[in-house]
Structure formats: C-alpha cells, structure tokens
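# Working through the structure, step by step
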Amino acid sequence: MTLTNHTPEDTVQDIFNRIAPQYDQMNSVISLGTHRLWRQQVMRAMTLHAGDFALDLCCGTGDWTLALANAVGPSGHVVGLDFSSVMLREADRKVRDANLANRITLRQGDAMHLPYPDNHFNVVTIGFGLRNVPDANQVLREMARVVKPGGQVVCLETSQPTNPVIHAGWQVYFGHVVPLMGRFAHHYQAYNYLQQSTHRFVSVTELADMFTAAGLTQVHYQQFNLGAAAVHFGVKPY
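First, a word on scope: everything that follows refers to the structure included in this document. Worth saying up front: this structure is predicted, and the values here are computed from it rather than measured.

A separate point is the sheet that holds strand S3 (residues 104–108). Ordered in space as S3-S2-S1-S4-S5-S7-S6, the seven strands form an open sheet in which the pairing is mixed. Sheet topology places S3 and strand S6 (217–224) at the edges, where each strand pairs with a single neighbour. Each adjacent strand pair in this sheet contributes to an overall mean axis angle of 15°, direction not counted. Pairing of S6 with strand S7 (residues 229–235), which is carried by six bridges, proceeds in the antiparallel orientation.

Here you go:
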C-alpha cells in the first residue's frame, strides 16, 4: 500500500524544531509515560551484539540512540539521524552528558534518501518517526537497502487498537484530549499534528505488509497498551 504524509515537509520540520525543548515531556504526556517501557522491551527483543554498527533514524532527542550505544558497547558505533537541527542539539546535550560522544555520531539528514551505501549497518531503527515522513514506504526501502544481509530493521510506532472499546477511547484521547493539552502548553498546532498523524497511520498488519514489500523477511510485530503502539521487526535476506 502507499502511505504518504500530506503535511508539507517544511511545515513538519518547523513543528519539530519549535517543540524540540519540550519533546520528551510531550512524549511522556501523550503516551501516559509508557513510551520508555516500550523502548526497553524492544531493546530486549532486538538482536544486538557488542561491536555492532547501528543507525537510528528520526532520532529526535536521542533516547533510542543512547540505548543503542550502550548496547553495542565501546567497540560499536551508532549514527543518530534527524531532519531537525534543533532536535539534534537536544540529542547532543544528552550524548555529552552520558559521556558517549566517542560511540555516537549525530547527523542532520533525510530519511527518504540516506547518505550511506548499501549493506552498511548491522541494525537500523526508527522510533515514532515513520508516521511523520513524506513516504513511509520509501523510508522502509532505504532502511532495507542500508542494512547488511542478515541485519535487522526495527520500527516502534503508534498504532490503531483493534478492540472496538479500546479504539473508541483511543479516538477520544487523541482526537480531543491531546489537542487540548497542546492548547494549555501553547503548542496546539504541534499536538494537533501529532494526533492527526497518529490517526492517519496504518494498522499493525498493514505495516507488516509494508515491511515485506520493502524486501524484508521474518517480519513480525508485538503490540503495546492494547494496540496503541507496536514494534515491527524484519530481517534483510542473504
């Protein structure tokens, strides 16, 4: 299937540049504090080894980038790539505070057109960013291109709950409560955009099909919070 974000790319970039200092707080509010637990569970389920070379797309303020750097150890390296220079400044502060500058490179770039050769990384991740790119299928193809054969592609993203009762509550929360939070936080446009991109995003089965269409195998997923979020895994075949 084709999944495109119809919000102009420069508008999305401006939104994330403006909310960067409050982004971590916003994530905690929107996910009711559970996004860190989701990422911890994903890290436990990933295939990571000391010395691996990892790429974290749409890295934002760098939380997953830091977790990956700790996992690959001093002999490994992680690249955190994001289109927002302001987000990357927040990430750089965290990297320096964690004394991990020797194993993390932060780079401004376009997830649609990755500046890396084929078969370059052991693992490629994207967390809460696939719903915000202009063309999610193109990003998945790029992730599959730059990962090495046998390497893993991992996406942690909001999703659509399948239980009708949970889905109804989810719609009320994201459609009405989240924008109201943004109004009180003086970031209505940002919160409203985030809830709209969440509503527009595909189901877990549709995203699994997109992984397969990108050329990945062993595709599977795990849902969190009764389907409010999910992680998808795929492997590049040899």
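Picking up where we left off.
The next subject is the packing of helix H3 (residues 35–45) against helix H4 (residues 63–72). A pair of packed helices is characterised by two quantities: the angle between their axes and the separation of those axes. Direction vectors running N to C along H3 and H4 enclose 30°, while the axes themselves pass 11 Å from each other. In the packing of H3 onto H4, the handedness of the crossing is right-handed. Contacts between H3 and H4 involve Arg39, Val42 and Met43 from the former and Asp63, Trp64, Ala67, Leu68 and Ala71 from the latter. Along the lines of polarity and charge, the residues of the contact of H3 with H4 split into six nonpolar, no polar and two charged.

On to the nonpolar core. Ranked by size, the top nonpolar core spans 29 residues in total, and within it Leu55, Leu57, Leu130, Val139 and Leu207 carry the most contacts. Other than its neighbours up to four places away in sequence, Leu55 contacts Val79, Leu81, Leu114, Tyr116, Phe121, Val123, Val124, Thr125 and Val146. Counting residues in each nonpolar core, the second largest holds 23 residues, with Met43, Trp64, Leu66 and Val95 among its members.

The next point concerns the side chain of Gln152. Mapped onto the elements, Gln152 comes out in strand S5 (residues 147–158). A polar contact of 3.0 Å, which involves the side chain of Gln152, links it to the backbone nitrogen of Thr47. Excluding its chain neighbours within four sequence positions, the residues that come into contact with Gln152 are Met46, Thr47, Asn122, Val123, Val124, Val147, Phe233 and Gly234.

With that settled, consider the environment of Asn17. By the element assignment, Asn17 lies in helix H1 (residues 9–19). C-alpha separation for the pair Asn17 and Val86, spaced 69 residues apart in sequence, amounts to 5.3 Å. For Asn17, the residues in contact, after removing those within four places along its chain, are Ser84, Ser85 and Val86.

Among all positions in helix H9 (residues 204–213), only Val204, Leu207, Ala208, Met210 and Phe211 are buried. End-on, the buried residues of H9 take up no more than an arc of 155°, which puts them together on one face. Among the exposed residues of H9, those oriented more than 90 degrees off its buried face are Asp209 and Ala213. Residues of H9 that are buried in the fold lie against helix H6 (136–146), S5, S6 and S7.

Applying the stated criterion across every chain, the model contains eight salt bridges. The closest approach of N and O atoms between Arg93 and Glu90, which form a salt bridge, is 3.2 Å. Separated by three residues within a single helix, Arg93 and Glu90 lie in helix H5 (residues 85–97), roughly one turn from each other. With its nearest N and O atoms 2.8 Å apart, the salt bridge here joins Glu142 to Arg145. Of the two residues, Glu142 and Arg145 both sit in helix H6, three residues apart, roughly one turn of that helix. You can call Glu142 buried: its relative accessible area is 10%. Relative accessible area serves as the criterion here: at 22%, Arg145 is assigned to the partly exposed category. One salt-bridge network, held together by shared partners, links Arg39, Asp63 and Lys94.

Calculation rules
Starting from 1, residues in each chain are numbered consecutively following that chain's sequence as written. Selection of residues for local features in this predicted model requires a pLDDT of at least 70, selection of side-chain atom pairs for listing and counting requires 80 or more, and totals for whole chains, interfaces and linings are taken over all residues. The basis for the side-chain values is all heavy atoms of the structure; hydrogens and waters are excluded. In short, DSSP must find at least two bridges between two strands for them to pair. Helix and strand assignments come from DSSP, with helices taken as H or I runs of at least 4 residues and strands as E runs of at least 2, each series counted from the N terminus. In this description, a line fitted to the C-alpha atoms serves as the axis of each element, helices being fitted only across the stretch in contact, and the angle between N-to-C directions of two axes falls anywhere from 0 to 180 degrees. If you view the pair so one helix is near and one far, a crossing is left-handed when the near helix is turned anticlockwise from the far one by less than a right angle, and right-handed when it is turned clockwise. In this description, contact between two residues means that some pair of their heavy atoms is separated by no more than 4.5 Å. Basically, the charged four are Asp, Glu, Lys and Arg, the nonpolar ten are Ala, Val, Leu, Ile, Met, Phe, Trp, Tyr, Cys and Pro, and anything else, Gly included, counts as polar. We call a set of buried Ala, Val, Leu, Ile, Met, Phe, Trp, Tyr and Cys residues a nonpolar core when their side-chain atoms join them within 4.5 Å. The classification of residues rests on relative accessible area computed with a 1.4 Å probe and restricted to protein chains. Under 20% of the type maximum is buried, over 50% is exposed, and intermediate values are partly exposed. Polar contact is the term for a pair of N or O atoms within 3.5 Å; when the atoms are in protein, one must be able to donate a hydrogen and the other to accept it, and sequence-neighboring residues count only if both atoms are side-chain atoms. As used here, the arc belongs to the directions running from the helix axis to the C-beta atoms. Here, a salt bridge means any side-chain nitrogen of Lys or Arg that lies within 4 Å of a carboxyl oxygen of Asp or Glu.

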